[in-house]
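An overview of the molecular structure
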Amino acid sequence: MTAISDHDAQLLRALHDEHADALFAHALRLVNGDRTRAEDLVQETLLRAWRHPESLDPRRGSVRAWLFTTARNLAIDAWRRRSTRVGEVYTDELPEPPETVDEAERAVEAWTVAEALNRLSPTHREVLVECFYQGRSVAEAAARLGVPPGTVKSRTHYALRSLRLVLAEMGVTG
């Protein structure tokens, strides 16, 4: 745990005294009136301000605008995390057993995909191999390929599009 210096404590106290009420009202609107979540949002926003004091320099813009923007971004991030979670399903029934996999069919699928990958450009092929076959994240693939992460993302998008076209040309559907 990091100790807070007297200067940091004074900074946080001044931030809180000057902006907390307005920030709380803003946070309350962002979380549809949930006081607990609004308090958490204010706390996390002030924590970010403490961790990044350079962003509170008045020459860079309004401190309150930075606090409000940070609170809004945190609220959006929290909403996205909550919306991507899948709720648990309770049932008394056992799930159906998985279908048995026909090894011959699986081998044909693997051959077909390998053939389709060979028909792609080398840059498209290597980004798909890194991201899908090697299981690397965008950042890891970018480091390995020596390109920016944005390039990996766009190459992956276009590579998947090309792969779909190649598979369609080969007669693969669905």
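Identification of the protein chain as RNA polymerase sigma-70 factor (ECF subfamily) from Micromonospora kangleipakensis is taken from an unreviewed UniProt entry. Quoted verbatim from the Sequence similarities (unreviewed entry) field of UniProt, the annotation for the protein chain is "Belongs to the sigma-70 factor family. ECF subfamily."

Here's the deal with the pattern of salt bridges
When the charged atoms of two side chains lie near each other, side chains of opposite charge can form a pair. All chains considered together, the criterion is met by five salt bridges. In this structure, the salt-bridge partner of Arg37 is Asp34, at a minimum N-O distance of 3.7 Å. According to the relative accessible area criterion, Asp34 is partly exposed, its value standing at 28%. The shortest N-O distance in the salt bridge between Arg136 and Glu130 comes to 2.7 Å. Classification of Arg136 by relative accessible area gives partly exposed; the value is 23%. Residues joined in a network through salt bridges with shared partners are Glu130, Arg136 and Arg144.

Considering the domain arrangement of the protein chain
For the protein chain, the assigned domains read domain 1 (14-83) and domain 2 (120-170). When each unit is reduced to the centre of its C-alpha atoms, the spacing between domain 1 and domain 2 is 37 Å.

A short note on the nonpolar core
Among the nonpolar cores identified, the biggest contains 15 residues, and Leu15, Leu23, Leu41, Leu46 and Leu67 are the most heavily contacted of them. Going through the elements one at a time, α1 (6-30), α2 (35-51) and α3 (63-84) are the ones with two or more residues in this core. Not counting chain neighbours up to four residues away, the residues in contact with Leu15 comprise Ala20, Leu46, Ala49, Leu56, Val63 and Leu67. Listed in part, the 14 residues of the second largest apolar core include Leu117, Val127, Cys131 and Leu163.

Considerations on the packing of helix α5 (residues 122-133) against helix α6 (residues 138-145)
Their axes nearest at 9 Å, the elements α5 and α6 cross at an angle of 135 degrees. In this view, α5 runs oblique relative to α6, as classed from their interaxial angle. At the point where α5 passes α6, the crossing takes the right-handed sense. Residues Glu126, Val127, Glu130 and Cys131 of α5 form the contact with α6, whose own contacting residues are Ala141, Arg144 and Leu145. Looking at the contact of α5 with α6, its residues break down into four nonpolar, no polar and three charged.

Conventions we followed
Residues numbered from 1 in each chain as written. Predicted model: local features only at pLDDT ≥ 70, side-chain atom pairs only at ≥ 80, totals over all residues. Heavy atoms only, no water. UniProt positions renumbered as here; feature names shortened; annotations may be inferred. Salt bridge = Lys/Arg side-chain N within 4 Å of Asp/Glu carboxyl O. Buried < 20%, exposed > 50% of the residue type's maximum accessible area, 1.4 Å probe, protein only. Domains from an automatic or database assignment. Core = buried A, V, L, I, M, F, W, Y, C linked by side-chain atoms within 4.5 Å. Helix = DSSP H or I, 4+ residues; strand = E, 2+ residues; numbered from the N terminus. Contact = heavy atoms within 4.5 Å. Axes fitted to C-alpha atoms, helices over the stretch in contact; angles between N-to-C directions. Parallel < 35°, antiparallel > 145°, perpendicular 65-115°, else oblique. Left-handed = near helix turned anticlockwise from the far one by under 90°. Nonpolar A, V, L, I, M, F, W, Y, C, P; charged D, E, K, R; others polar.

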